[in-house]
There are 2 protein chains.
Amino acid sequence: MKYQELVANIKKKKSFLCVGLDTDLDKIPAHLKNTEYPIFEFNKQIVDATAEYTIAYKPNIAFYECYGVKGWISLEKTVEYIRTNYPDIFLIADAKRGDIGNTSERYAKAFFENMPFDSITVAPYMGEDSVSPFLGFNNKWVILLALTSNKGAFDFQYNKENDEMLFEKVIKKSATWGNEQNMMYVVGATKAEMLSDIRKLIPKHFLLVPGVGAQGGSLAEVVKYGMNSDCGLLVNSSRAIIYADSTEFFAEKAREAAKEMQLEMSGYLSRLG
Amino acid sequence: MKYQELVANIKKKKSFLCVGLDTDLDKIPAHLKNTEYPIFEFNKQIVDATAEYTIAYKPNIAFYECYGVKGWISLEKTVEYIRTNYPDIFLIADAKRGDIGNTSERYAKAFFENMPFDSITVAPYMGEDSVSPFLGFNNKWVILLALTSNKGAFDFQYNKENDEMLFEKVIKKSATWGNEQNMMYVVGATKAEMLSDIRKLIPKHFLLVPGVGAQGGSLAEVVKYGMNSDCGLLVNSSRAIIYADSTEFFAEKAREAAKEMQLEMSGYLSRLG
């Protein structure tokens, strides 16, 4: 998907919601467990219920990989279903991959050619040649980890060299490897106050913001410090939407939760004009 | 596998060779391509030919993931075959995973429960709670990226805070999360001169050393600066062994290449007594 298409979808749907498909077999409603691919069945119903309010879906690959071949089939079926039925959805493989050049290229093929993802999250530790192979695909995106939403973010991401923190160095350096048409950054909502400094480094790039809701981040704060004139935000919610309810009404409740977030987002977007 | 078993295997086989199973469908001999799982067939013959000289096998997961479900099946068949036929082999999932706590736990289950790997490579950027879930499994290991063998290693790993480089901070901090019985570190052979400094920080931990051979690192240098009294090294070779030959004699040639490395290693080990 091109940058301008993404922005147009956000304006059309009045939403910058990303729904995290972190689907846990232990948490899905009992009546789905007898189907052949319960995770796919769950995802399908969640997607059908929430797509109207959603810009992006983000399956976290760990939740599929942990079920082996069957998990992998569920992932493939999920992204195929979304791509076919909701072609305007931006698909994010939350995989946090990254390896030496020829190996990163394999990961890129896995998610960009073998599956129809638009983007993949990538870990920066191994540097440029671990990231750039993902940038060689038309209309595909790298979403690079910058400042994550977890406690461990404080271990290394704030490492300071000459008054520059590691996550700032990651952003500055990597911004020269691609541009705002093929790179985004992960910045956790739990670090919303850092967003205004980050916006000085990368005013135009989209930011993927996890951590709103279950992890304690505030949408209002994220918007206040992180929104730009094209919106520039994809705010993720996983558990608060997909596990809004654990009964046979789970999809309807997920729809309500997504709609509520979209309504709040629509208010913020209207200020952009 | 326990630390003492690994050391005993090294002494018994007089080898600290790890063979990287980075199996590329485009590079395997033509006569294997008509089988149902050509990658597994190739791996099986490589393993049968080289296991006598080998301590560890390390499939890089990208090389399987890029073929989707079929690749995943080939991976599962490969590790199952090795675990069943060569129970003294140390199995490394070169996956470079790492995510927030509950998600890293999923990756741990994928490789430690769903598959019989002994260890997994993990990326440190997200800090303690992204690494520690992998440490909660008996006799399983984290192999943490410290100083990698690629060019991009220079982008962030040498980031300096108060005279301490990032890879040193990663080693020092993470060494308190586990111990030498459940953690190893990746240190590229192309950075062999750094090994003596690293040994001051972690005298007892095993180091997984990629980059000998195709990437230009020297085994003699790695041993000189990195070996400890229990050996403390697993030196990986991928392409130089598995693609030693591209004809129907590939397995025999791989055997010769592995034997040659083992012979050199046996010389270094004999000095330990």
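Everything quoted here is computed from the prediction, not taken from an experiment. (Residues numbered from 1 in each chain as written. Chains lettered and ligands numbered in written order. Predicted model: local features only at pLDDT ≥ 70, side-chain atom pairs only at ≥ 80, totals over all residues.)

> Could you give an account of the overall build of chain A, naming the residues involved and the relevant values?
If you tally the helices and strands in chain A, you get twelve helices and ten strands. Its C-alpha radius of gyration of 18 Å places chain A within 12% of the 19 Å reference for a compact globule of 273 residues. On the principal axes, the C-alpha backbone points of chain A span a range of 55 × 45 × 35 Å. Per-residue burial for chain A yields a buried fraction of 56% across its 273 residues. Pairs at least 24 residues apart make up 71% of the contacts formed inside chain A by residues separated by at least 6 positions. (Helix = DSSP H or I, 4+ residues; strand = E, 2+ residues; numbered from the N terminus. Rg over C-alpha atoms; globule rule 2.2 N^0.38 Å. Buried ≥ 20, exposed ≤ 12 C-beta atoms within 10 Å, placed from the backbone. Contact = placed C-beta atoms within 7 Å.)

> Give a detailed account of the interface of chain A and chain B, specifying residues and quantitative values.
With 45 residues of chain A at the interface, the matching set in chain B holds 46 residues. Looking at the side of chain A that touches chain B, the elements with two or more residues in it are helix 3 (62–65), helix 4 (68–85), helix 5 (101–113), helix 6 (128–131), helix 7 (153–156), strand 6 (160–161) and helix 8 (166–174) of chain A. Element by element, the count of residues in the side of chain A that touches chain B is highest for helix 5 of chain A, at six residues. When the residues that make up the side of chain A that touches chain B are grouped by side-chain class, the tally is 19 nonpolar, twelve polar and 14 charged. (Nonpolar A, V, L, I, M, F, W, Y, C, P; charged D, E, K, R; others polar.)

> Report on helix 10 (residues 219–226) of chain A, specifying residues and quantitative values.
Residues and elements named next belong to chain A. Turning to helix 10, its buried residues are Leu-219, Val-222, Val-223 and Gly-226. Relative to the axis of helix 10, the buried residues are bounded by an arc of 95° and lie together on one face. Those residues of helix 10 that are buried lie in contact with helix 9 (195–201), strand 9 (206–209), strand 10 (233–237) and helix 12 (250–270). (Arc of directions from axis to C-beta.)

> Describe the pairing of strand 8 (residues 183–187) of chain A, with residues and values.
Residue and element names in this part refer to chain A. In terms of burial, strand 8 is largely enclosed, as five of its five residues are buried. Taking every second residue as pointing to the same face, both faces of strand 8 are buried, with Met-183, Tyr-185 and Val-187 on one and Met-184 and Val-186 on the other. Taken together, the five bridges between strand 5 (residues 141–147) and strand 8 define a ladder with parallel strand orientation. Counted as the bridge partner of Ile-143 is Met-184 from strand 8. Examined bridge by bridge, strand 8 and strand 9 share three bridges and lie parallel to one another. Its bridge partner lying in strand 9, Met-184 is registered against Phe-206. Between strand 8 and its parallel partner strand 9, the chain crosses via helix 9, and the hand of that crossover is right-handed. (Pairing = 2+ DSSP bridges. Right-handed = clockwise from strand over helix to strand, strands pointing away.)

> Describe the packing of helix 2 (residues 38–50) of chain B against helix 12 (residues 250–270) of chain B, naming the residues involved and giving the relevant values.
All names here are of chain B. Packing of helix 2 against helix 12 leaves a shortest axis separation of 8 Å and a crossing angle of 40°. Considering the angle they form, helix 2 stands oblique to helix 12. Crossing angle aside, the handedness with which helix 2 passes helix 12 is right-handed. Here Gln-45, Ile-46, Ala-49 and Thr-50 of helix 2 come into contact with helix 12, specifically with Ala-251, Glu-252, Ala-254, Arg-255 and Ala-258. (Axes fitted to C-alpha atoms, helices over the stretch in contact; angles between N-to-C directions. Parallel < 35°, antiparallel > 145°, perpendicular 65-115°, else oblique. Left-handed = near helix turned anticlockwise from the far one by under 90°.)

> Any details on the sheet that holds strand 10 (residues 233–237) of chain B? Residues and values, ideally.
Residue and element names in this part refer to chain B. Strands sit in the order 1-2-3-4-5-8-9-10 around a closed barrel of eight strands; the barrel is parallel. In this sheet, adjacent strand axes meet at a mean angle of 25° when their direction is disregarded. Note: strand 1 (residues 17–20) against strand 2 (residues 56–58), three bridges, orientation parallel. Looking at strand 2, one finds that Cys-18 is bridged to Ala-56.

> Outline the sheet that holds strand 10 of chain A, supporting the account with residue identities and numerical values.
A barrel is described by the order of its strands in space; here eight strands give the closed sequence 1-2-3-4-5-8-9-10 (chain A), paired in parallel fashion. In this sheet, neighbouring strand axes are inclined to one another by 25° on average, regardless of whether the strands run parallel or antiparallel.

> Can you lay out the packing of helix 4 of chain A against helix 4 (residues 68–85) of chain B for me, pointing to particular residues and giving the numbers?
The N-to-C vectors of helix 4 of chain A and helix 4 of chain B enclose an angle of 170°; their axes lie 9 Å apart at closest approach. Between helix 4 of chain A and helix 4 of chain B, the angle falls in the class roughly antiparallel. Contacts from A:Gly68, A:Val69, A:Trp72, A:Ile73 and A:Glu76 of helix 4 of chain A reach helix 4 of chain B at B:Gly68, B:Val69, B:Trp72, B:Ile73 and B:Glu76. Counted by class, the contact of helix 4 of chain A with helix 4 of chain B contains six nonpolar, two polar and two charged residues.

> Let's hear about the confidence of the model for chain A: which residues, and what values?
Confidence in the prediction for chain A averages 96 pLDDT; 99% of positions are at 70 or higher. Interface scoring of the predicted complex returns ipTM 0.96; its pTM is 0.97. (pLDDT = per-residue confidence, 0-100.)

> Can you explain the relation of the copies chain A and chain B? Please cite residues and give values.
Note on the identical chains: chain A maps onto chain B by a rotation of 180° and an axial translation of 0.0 Å, with an RMSD of 0.0 Å. Interpreted geometrically, this transformation is the action of a two-fold axis. The position closest to the rotation axis in chain A is occupied by the C-alpha of A:Glu161, lying 2.5 Å away. (Least-squares fit on C-alpha atoms with pLDDT ≥ 70 in both.)

> Explain the pairing of strand 3 (residues 90–97) of chain A to me, and be specific about the residues and the numbers.
Side chains on a regular strand alternate between the two faces of the sheet. Residue and element names in this part refer to chain A. When you tally the buried positions in strand 3, you get eight out of eight residues, the bulk of the element. In the sheet, strand 2 (residues 56–58) pairs with strand 3 via two bridges, with the strands oriented parallel. Note on strand 3: the bridge partner recorded for Ala-56 is Phe-90. Strand direction decides the pairing type here: strand 3 and strand 4 (residues 119–122), joined by three bridges, are parallel. Among the inter-strand pairings, Arg-97 is bridged to a residue of strand 4, identified as Val-122.

> Any chance you could break down unusual backbone geometry for me, citing the residues and the numbers?
All names here are of chain A. Positioned with a positive phi, Lys-96 is a non-glycine residue whose angle comes to about 50°. Of the residues examined, Lys-96 has 28 C-beta atoms within 10 Å and is grouped as buried. A positive phi angle, close to 65°, is found at Asp-163, a residue other than glycine. As for its position among the elements, Asp-163 is in the loop between strand 6 and strand 7 (164–165).

> Quick rundown of the environment of B:Trp72? Include the residues and the values.
Within the fold, B:Trp72 resides in helix 4. Contact partners of B:Trp72, with chain neighbours within four places excluded, come to A:Gly68, A:Val69, A:Trp72 and B:Tyr64.

> Outline helix 4 of chain B, listing residues and values.
With 18 residues, helix 4 of chain B extends 26 Å between its outermost C-alpha atoms, agreeing within 8% with the 26 Å of an ideal straight helix rising 1.5 Å per residue. Buried positions along helix 4 of chain B lie against helix 4 of chain A together with helix 2, strand 2, helix 3 (62–65) and strand 3 (90–97) of chain B. (Expected span 1.5 Å × (residues − 1).)

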